[in-house]
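# Geometric and topological summary
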Amino acid sequence: MALYESENKSNLLDYYYSNSLSNIDEMRNILSPYLSPIDYFRCQLDEQWPSGAKLESFHGKKMFVGLSRVVEPEVTFLAHHDIVEKDVPNNYSAKSIQMQLAANVHIQVPDIGGELLLWHKDITANDFDSIRGDSYGIPPNNLGDPDIVVKPKAGQLIIFNSRKMHSVSAGKNKSRVSLSCFIGYRGEHQPLTYWS
Ligand SMILES: O=C(O)CCC(=O)C(=O)O
Ligand SMILES: [Fe+2]
């Protein structure tokens, strides 16, 4: 379960937090005896960033990290942005995030399609919400041509600004499998944080 799925409802947030650490463990157990790519990524972030990196805890409790995603062939990921202050409004800790990045480790990628599409243009959270209505996103064609198109390779880590509009094109022959999290930046001398 990802944080945004809790829709800031207290019963769903309780459910999210009561399962966060066991879900991390479950992924670890599934991949054992191999190292989980997300665990490796967490170590790398901690080692590379001068102030280290740690598991996020917006509500004073440890969060989940390492969402696994399987996108079946012919499925398009609608264009959207991910802004944590929208997921948990009025949360002091979420508000202090200055930059939010999405990190995806690609496990399996379709031979054709499955590209990550990125747009430079910013759409405010309010404008995006009024365009999308009840849907989680908008058809990518509505945004015109993307500014950046990245075809992931299996084994690659791709990091991008999640507050910008992004979408994933439909794949053809295989499902697109990835492990994913967000990275929060609060300034040069603060630890990075990660969560899903
Ligand atoms: O799978 C991808 O390439 C991007 C998925 C996505 O929307 C995200 O990580 O925020
Ligand atoms: Fe996203």
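Let me sum up the structure you'll find in this document. Quick caveat, the model's predicted, so the values are computed rather than measured. (Residues numbered from 1 in each chain as written. Chains lettered and ligands numbered in written order. Predicted model: local features only at pLDDT ≥ 70, side-chain atom pairs only at ≥ 80, totals over all residues. Heavy atoms only, no water.)

## Quick look at the pairing of strand 9 (residues 176–185)
Burial of strand 9 is extensive: eight of the 10 residues sit out of reach of the surface. One ladder, built from five bridges, connects strand 2 (residues 67–71) with strand 9; its direction is antiparallel. Among the inter-strand pairings, Ser68 is bridged to a residue of strand 9, identified as Leu179. Across nine bridges, the pairing between strand 4 (residues 99–108) and strand 9 is antiparallel. Looking at the pairing, Ala102 lines up with Phe182 of strand 9. (Buried < 20%, exposed > 50% of the residue type's maximum accessible area, 1.4 Å probe, protein only. Helix = DSSP H or I, 4+ residues; strand = E, 2+ residues; numbered from the N terminus. Pairing = 2+ DSSP bridges.)

## Topic: the sheet that holds strand 5 (residues 116–118)
Sheets are built from strands paired through backbone hydrogen bonds, the pairs being either parallel or antiparallel. The strand order across the open sheet built from four strands is 3-8-5-6, with neighbouring strands paired in antiparallel fashion. Both edges of this open sheet fall to strand 3 (77–80) and strand 6 (148–150), since each of them pairs with a single strand only. Here the strands of the sheet are splayed against their neighbours by 15° on average, with no regard to which way each runs. The sheet contact formed by strand 5 and strand 8 (residues 166–168) spans three bridges and is antiparallel. Paired with Leu116 across the bridge in strand 8 is Val168. (Axes fitted to C-alpha atoms, helices over the stretch in contact; angles between N-to-C directions.)

## Structural notes on the site of ligand 1
Close to ligand 1 lie 14 residues; His80, Asp82, Asn104, His166 and Arg176 are nearest. At 2.9 Å from an oxygen atom of ligand 1 is found a side-chain nitrogen or oxygen belonging to Asp82. Arg176 is positioned with one of its side-chain polar atoms (N or O) 2.8 Å from an oxygen atom of ligand 1. Compared with its free state, where it exposes 300 Å², ligand 1 has 98% of that area covered by protein. Counting residues per element, the ones that place at least two in the shell around ligand 1 are strand 3, strand 4, strand 8 and strand 9. Classifying every residue of the shell around ligand 1 by side-chain character gives six nonpolar, five polar and three charged. (Near = heavy atom within 4 Å. Polar contact = N/O pair within 3.5 Å; in protein donor to acceptor, adjacent residues only side chain to side chain. Areas by Shrake-Rupley, 256 points an atom, 1.4 Å probe, with all protein chains shown as cover. Nonpolar A, V, L, I, M, F, W, Y, C, P; charged D, E, K, R; others polar.)

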